[in-house]
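This is what each chain is made of:
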Amino acid sequence: MLLTFATGFGLGGGLIIAIGAQNAFVLGQGLRRNHPVMVAFVCAMCDAVLIAAGVTGLGTLVATYPILTKVAAWGGAAFLIWYGFAALRRLFETETLSESDVRQAGWKAVLSTTLAVTLLNPHVYLDTVVMLGGIGGQFPAEERLTFALGAMSASFVWFFAIALGAAWLAPYVARPITWKIIDAVTCAVMWLVAYKLIAPEIAPLIYY
């Protein structure tokens, strides 16, 4: 059972750690100290629910209906493009991290954005529901829960590590130039992920 848990933890960690829109968002919220604990918890809980759904069989259903991933791809790309524009706009503003800026965003706004960044990204479903769910489904029935718990644990460890680690570093990166770099990287990551989401759909139109 320990080996099964370690397998789930390793596979889950390998998928989650990859640089993407969600990780960029979590890092940004941690650096701004905009409710980093809540952001990490919501991201990890979403992963846990999706991993559980995948291991119990939802991954097979999603793989059967590709239209679901296409709809999610276009919706996710639209949101990421908008979020990227917001980061780009901040490049032309003076942004620091004074005490008055801490928790400048209300928890409801941060929560809704966290859910959008997480649930509107089809990669989240492919990684958790389809891939981890498909792999977990190959284990004997009595070991699937252990595998799922391992993958869920990796998600909790990772998101809390980057959110709280970034919040701890915040006082040391308070200069305006630092925030311009952060916003530029955030914009680039959001747009790159958006492009990857819709590239398979627009490629046939470009080369037609």
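For every chain, the first residue of the written sequence is number 1, and numbering continues from 1 along that sequence. Local features in this predicted model are restricted to residues whose pLDDT is 70 or higher, and side-chain atom pairs enter the listing and the counts only when it is 80 or higher, whereas totals over whole chains, interfaces and linings include all residues. Calculated side-chain values reflect all of the structure's heavy atoms, with hydrogen atoms and water omitted.

1. Some thoughts on helix 6 (residues 122-136)
Right, on to step 1. Helix and strand definitions follow DSSP, with helices as H or I runs of at least four residues and strands as E runs of at least two, each counted in order from the N terminus. By definition here, a helix of n residues has an expected span of 1.5 Å times n minus one. Here helix 6 is 15 residues long and its end C-alpha atoms lie 19 Å apart, about the 21 Å a rise of 1.5 Å per residue gives.
Right, on to step 2. The rule is simple: take the accessible area with a 1.4 Å probe, protein chains only, and divide by the maximum for that residue type; under 20% is buried, over 50% is exposed, in between is partly exposed. The complete set of buried residues in helix 6 reads P122, V124, T128, V129, L132, G133 and G136.

2. Here's the deal with the state of the cysteines
One way to say it: the disulfide is the covalent bond shared by the sulfur atoms of two cysteines.
Right, on to step 1. We call a pair of cysteine sulfur atoms a disulfide whenever their separation is within 2.5 Å. Across all of its chains, the model carries zero disulfides by this definition.
Right, on to step 2. Looking at C46, it has no disulfide partner, and the nearest cysteine sulfur is the one in C43, 6.7 Å off.
Right, on to step 3. For C46, a relative accessible area of 12% puts it in the buried group.

3. Let's talk about the packing of aromatic side chains
Right, on to step 1. Note on aromatic pairs: the rings of Phe, Tyr and Trp (six-membered ring only in Trp) are paired at centre separations within 6.5 Å, and the planes decide the class, stacked below 30 degrees, edge-to-face beyond 60, tilted for the rest. According to the stated counting rule, one finds three aromatic pairs in the structure shown.
Right, on to step 2. Aromatic pair F85 and W191: ring centres 5.0 Å apart, planes at 70°, arrangement edge-to-face. Residue F85 is found in helix 4 (residues 66-90), and its partner W191 is found in helix 8 (residues 176-206); the two are separated by 106 residues along the sequence.
Right, on to step 3. Residue F85 is classed as partly exposed on the basis of its relative accessible area, which comes to 45%.
Right, on to step 4. With a relative accessible area of 30%, W191 lands in the partly exposed category.
Right, on to step 5. Members of the aromatic cluster, each reached through a chain of ring pairs, are F41, F156 and F160.

4. Things to note about a nonpolar patch on the surface
Right, on to step 1. Grouping into patches uses exposed residues only, defined as over 30% relative accessible area, and leaves out salt-bridged ones; the cut-off is 9 Å for like charges and 5 Å for nonpolar side chains (Val, Leu, Ile, Met, Phe, Trp, Tyr). Here the open area of atoms and residues is found with the Shrake-Rupley method and a 1.4 Å probe, where only the protein chains shown may cover a residue. Just to be clear on terms, a salt bridge is a Lys or Arg side-chain nitrogen sitting within 4 Å of an Asp or Glu carboxyl oxygen. On the surface, F41, M45 and V49 cluster together to form a nonpolar patch covering roughly 270 Å² of accessible area.
Right, on to step 2. By secondary structure assignment, the location of F41 is in helix 3 (residues 36-64).

5. Remarks on the confidence of the model for the protein chain
Right, on to step 1. Across the chain, each position has a pLDDT score giving the predictor's confidence in that residue, from 0 to 100. Here the protein chain averages 78 in pLDDT, and 79% of its residues register 70 or above.
Right, on to step 2. Across residues 97-103, where pLDDT falls below 50, the model places 15 contacts with residues more than four positions away in sequence or in other chains. In what follows, a contact means two residues having at least one pair of non-hydrogen atoms within 4.5 Å.

6. Remarks on the packing of helix 2 (residues 21-32) against helix 7 (residues 141-169)
Right, on to step 1. Axes here mean lines fitted to C-alpha atoms, for a helix over just the part in contact, with angles spanning 0 to 180 degrees between N-to-C directions. Look at helix 2 against helix 7: their axes get within 7 Å of each other, and the N-to-C directions meet at 35°. In this structure, helix 2 crosses over helix 7, and the sense of that crossing is right-handed. Contacts from Q22, N23, V26, L27, G30 and L31 of helix 2 reach helix 7 at W158, F159, I162, A163, A166, A167 and L169.
Right, on to step 2. Per-class residue counts for the contact of helix 2 with helix 7 are ten nonpolar, three polar and no charged. Handedness of a crossing is defined here by the sense of rotation of the near helix relative to the far one, left-handed for an anticlockwise turn of less than a right angle and right-handed for a clockwise turn. Polarity classes work like this: nonpolar for Ala, Val, Leu, Ile, Met, Phe, Trp, Tyr, Cys and Pro, charged for Asp, Glu, Lys and Arg, and polar for all others, with Gly in that last group.

7. Things to note about the UniProt feature "transmembrane region" (unreviewed entry) in the protein chain
Right, on to step 1. UniProt positions are given in the numbering used here, feature names are shortened, and annotations may be inferred rather than shown by experiment. The residues that UniProt annotates with the feature "transmembrane region" (unreviewed entry) are residues 6-27, 39-65, 71-88, 109-126, 146-169 and 181-198.
Right, on to step 2. End C-alpha atoms of residues 109-126 are separated by 26 Å, and the span's content is 89% helix alongside 0% strand.
Right, on to step 3. Secondary structure within residues 146-169 divides into 100% helix and 0% strand; the distance between the first and last C-alpha atoms comes to 34 Å.

8. Some words on the packing of helix 2 against helix 5 (residues 107-119)
Right, on to step 1. At a minimum axis separation of 9 Å, helix 2 and helix 5 run at an interaxial angle of 160°. Viewed along their axes, helix 2 and helix 5 adopt a mutual orientation that is roughly antiparallel. In this structure, helix 2 meets helix 5 at a crossing whose hand is left-handed. Across from A21, Q22, F25 and Q29 in helix 2, the residues of helix 5 making contact are V110, T113, T114, V117 and T118.
Right, on to step 2. Per-class residue counts for the contact of helix 2 with helix 5 are four nonpolar, five polar and no charged. Orientation categories follow fixed angle ranges, with anything under 35 degrees roughly parallel, anything over 145 roughly antiparallel, 65 to 115 roughly perpendicular, and all other angles oblique.

9. Let's talk about the nonpolar core
Right, on to step 1. Here the nonpolar core consists of buried residues drawn from Ala, Val, Leu, Ile, Met, Phe, Trp, Tyr and Cys, with membership extended through side-chain atoms lying within 4.5 Å. F25, V26, V39, F79, L80, F159 and M190 are the most contacted members of the largest nonpolar core, which has 24 residues in total.
Right, on to step 2. Secondary-structure elements contributing two or more residues to this core are helix 2, helix 3, helix 4, helix 5, helix 7 and helix 8.
Right, on to step 3. Ranked by residues supplied to this core, first place goes to helix 8 with five residues.
Right, on to step 4. Excluding residues within four positions of it along the chain, V26 makes contact with V39, C43, F159, I162 and A163.
Right, on to step 5. Counting residues in hydrophobic clusters, the runner-up holds nine residues, among them I51, L132, F139 and A151.

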